[in-house]
Amino acid sequence: MRILIRTSRWAIWARRLGSVAVPLVVISLLLHRLRLITSDVFVVAALASGLVALLAVLIGLIALARLWQTGDQGWGRALAGLLFGLISLVPFGWYASLMLRYPAVTDIATADRGSMPLVFEPGTAMMPPPKTLTAPELAVEFPNVERRLYPLGLVPTFAVVRDLVEGWGWEIRLLREPGTGVDVGQLNAQVMTLAGWREEVVIRVTGSDTDAVVDMRSASLNAQHDFGSNGRRIETFLAALDDAVTTLLRDNPSANQPLETVPEDDVSPDVPTAE
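A. Fine view of the environment of M126. Topologically, M126 is positioned in the loop between β1 (107–109) and α4 (135–141). On the accessibility criterion, M126 (69% relative accessible area) is exposed.

B. Representation of the nonpolar core in the model. Counting 32 residues, the largest nonpolar core has V165, W170, I203, V205, M216, F237 and L241 as the members making the most contacts within it. If you list the elements that add at least two residues to this core, you get α5 (154–167), β4 (184–192), β5 (198–207), β6 (212–220) and α6 (229–251). If near-sequence neighbours (up to four positions away) are discounted, I203 is found in contact with V161, V165, G185, Q186, L187, V214, D215, M216 and F237.

C. The arrangement of the side chain of S88 in detail. Along the chain, S88 turns up in helix α3 (residues 75–101). Under the relative-accessibility criterion, S88 is labelled buried at 3%. The residues contacting S88, other than those within four sequence positions of it, are A21, V22, V25 and A53.

D. Focus on the pattern of salt bridges. In this structure the tally under the stated criterion is 10 salt bridges. Here D163 makes a salt bridge to R162, at a shortest N to O gap of 4.0 Å. You can call R162 buried: its relative accessible area is 17%. Among the charged side chains, a salt-bridge network with shared partners connects D107, R113 and R217.

E. Focus on the pairing of β4. Burial analysis of β4 places 7 of its 9 residues in the buried class, which makes it a mostly covered element. In the sheet, strand β3 (residues 171–176) pairs with β4 via 5 bridges, with the strands oriented antiparallel. Across the sheet, residue R176 finds its bridge partner in β4, namely Q186. Here 9 bridges tie β4 to β5, and the two strands are oriented antiparallel to one another.

F. Structural view of the confidence of the model for the protein. Of all residues in the protein, 88% attain a pLDDT of 70 or more, and the chain-wide mean is 88. This stretch, residues 266–275, has a pLDDT under 50; its non-local contacts, to residues over four places away or in other chains, come to 1 contact.

G. Local environment of the packing of helix α1 (residues 9–33) against helix α2 (residues 39–70). Across the interface, α1 lies against α2 with an axial gap of 8 Å and an inter-helix angle of 160°. Taken together, the axes of α1 and α2 lie roughly antiparallel to each other. In the crossing of α1 with α2, the sense of the turn from one axis to the other is left-handed. Looking at side-chain class alone, the contact of α1 with α2 contains 19 nonpolar, 6 polar and 1 charged residues.

H. Layout of unusual backbone geometry. Of note in this structure, N222 is not a glycine but carries a positive phi near 60°. By secondary structure assignment, the location of N222 is in the loop between β6 and α6. Here N222 falls in the partly exposed class, since its relative accessible area comes to 31%.

I. Here's a closer look at α1. Between its first and last C-alpha atoms α1 spans 37 Å; for 25 residues at 1.5 Å apiece the expected length is 36 Å, and the two agree. All of the buried residues along α1 are A11, A14, L17, G18, A21, V25, S28 and H32. Along its buried surface, α1 packs onto α2, α3 and β5. Taking the backbone nitrogen of W10 as reference, a side-chain oxygen 3.2 Å away marks S8 as the first, capping residue of α1. Positive phi appears at R35, one or two residues downstream of α1, with a value of about 65°.

The rules behind these values
- Residues numbered from 1 in each chain as written.
- Predicted model: local features only at pLDDT ≥ 70, side-chain atom pairs only at ≥ 80, totals over all residues.
- Heavy atoms only, no water.
- Helix = DSSP H or I, 4+ residues; strand = E, 2+ residues; numbered from the N terminus.
- Buried < 20%, exposed > 50% of the residue type's maximum accessible area, 1.4 Å probe, protein only.
- Core = buried A, V, L, I, M, F, W, Y, C linked by side-chain atoms within 4.5 Å.
- Contact = heavy atoms within 4.5 Å.
- Salt bridge = Lys/Arg side-chain N within 4 Å of Asp/Glu carboxyl O.
- Pairing = 2+ DSSP bridges.
- pLDDT = per-residue confidence, 0-100.
- Axes fitted to C-alpha atoms, helices over the stretch in contact; angles between N-to-C directions.
- Parallel < 35°, antiparallel > 145°, perpendicular 65-115°, else oblique.
- Left-handed = near helix turned anticlockwise from the far one by under 90°.
- Nonpolar A, V, L, I, M, F, W, Y, C, P; charged D, E, K, R; others polar.
- Expected span 1.5 Å × (residues − 1).
- Polar contact = N/O pair within 3.5 Å; in protein donor to acceptor, adjacent residues only side chain to side chain.

Here it is as structure tokens:
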């Protein structure tokens, strides 16, 4: 007489939920990055996928405990559901740690935000009010978010900024290069985070022929928490800009010297020559 060994229904459901959780996380992320769904819909989809992943983990643990007691079949299914659920929860755990590490901020700048406006788009009109830090809080959380002053002319400094932005792959939305009679250069670029959130960077360069001042702003668009991305982005970019300007001045010692013009009085008049 054969003894029938049943397959645990807990294990079956753990495997089913785990198999659903992974594509839910991936598909919602891809749709958000491709702008096929709005951020509000993405939040709902992400929470739903996280709930499914959490259920897969809980039911997987229950299935393993039941299998240990009953001797039923389904160890593979229970372990698979548990593994898929844990994998799906990794992004949630990562962002939860960032949420605990950084305050709820959406807009960080080295100077007055009014001097570094965002590019107006239909979506920006519906943006929630920005969440900012006071100067003491900013100094504690992001000590390297500070205005930069360089012994390099306005035009070459802006060129270094533009080259860095293009090299980092940021999407430039506005470019106002300084030139004759223009003592301000501004660059607006949009950046996409891993989760598909859009954040805008504004870089403003002022100065003269021999020096430049660089201010930077980074703001989240339609988000309630930036998970520290804006502050880290400004610190990382300005550190790279420091290195780039230092290298330029080291390799070109005269790069910060204005071009000398010859006075008109010193220009020799044309002397006709005898035929």
